[in-house]
Amino acid sequence: MHIESYIKGPTRRTPGIVLSEGRILIMGRSIPENPGDFYTPVINWVNDFTQIYTGKIRIDLGFDYINTCSTKYIFLMLKQLVETEGIKQNISVTWYFEQDDDDMNDLGLILRSITECPFILKGTYMIDQGLYEKILLESERE
């Protein structure tokens, strides 16, 4: 069974999102006016995805800024993935943060502690469109 991809380009207030078989990428700034409206399609997609997919899942997350409400939805998404039977052992997460941003590093550490799956924190010079596109290209080559 196949699940349709969900792709949403980044804006000044919202991250770029790519959800496809074996791939979850959410990167950019996350301060949507209504986080529930913005992230509900992501949560719904992950729910549907976990019902039919059992392969490896690469998750790349990176934010130059994320508000508290958005953090809740990222947590819910990760929780859904790691609590689904047969998926947790197939997940690898990379959390990108700007090297001098201690708050984003700390958030990554918190999320890593609750996921209990391979979770790499990767300091980078800048979370921007260039990094987003670079990670997309890398995943297409895999």
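Here goes a summary of the coordinates provided. These numbers were taken from a predicted model, which means no experiment stands behind them.

1. A short note on a nonpolar patch on the surface
Nonpolar side chains collect at one region of the surface, where Phe75, Leu76 and Ile114 lie side by side and expose about 210 Å² of accessible area between them. Within the secondary structure, Ile114 is located in helix H3 (residues 102-115). The partly exposed category is assigned to Ile114, whose relative accessible area is 35%.

2. Some points on the pattern of salt bridges
On inspection of all chains with the given rule, the structure shows three salt bridges. With a shortest N-O distance of 3.0 Å, Asp64 and Arg29 are connected by a salt bridge. One end of the pair, Asp64, is in strand S4 (residues 57-66); the other, Arg29, is in strand S3 (residues 23-30), and 35 residues separate them in sequence. The class of Asp64 is partly exposed, set by a relative accessible area of 22%. Classification of Arg29 by relative accessible area gives partly exposed; the value is 33%. A salt bridge links Asp60 to Arg58; its shortest N-O distance comes to 2.7 Å. Here Asp60 and Arg58 have matching classes, each one buried. Several salt bridges share partner residues, and in doing so they unite Arg23, Arg58 and Asp60 into one network.

Criteria and thresholds
Residues numbered from 1 in each chain as written. Predicted model: local features only at pLDDT ≥ 70, side-chain atom pairs only at ≥ 80, totals over all residues. Heavy atoms only, no water. Patch = residues over 30% accessible without salt bridge, like charges linked within 9 Å, V, L, I, M, F, W, Y side chains within 5 Å. Areas by Shrake-Rupley, 256 points an atom, 1.4 Å probe, with all protein chains shown as cover. Salt bridge = Lys/Arg side-chain N within 4 Å of Asp/Glu carboxyl O. Helix = DSSP H or I, 4+ residues; strand = E, 2+ residues; numbered from the N terminus. Buried < 20%, exposed > 50% of the residue type's maximum accessible area, 1.4 Å probe, protein only.

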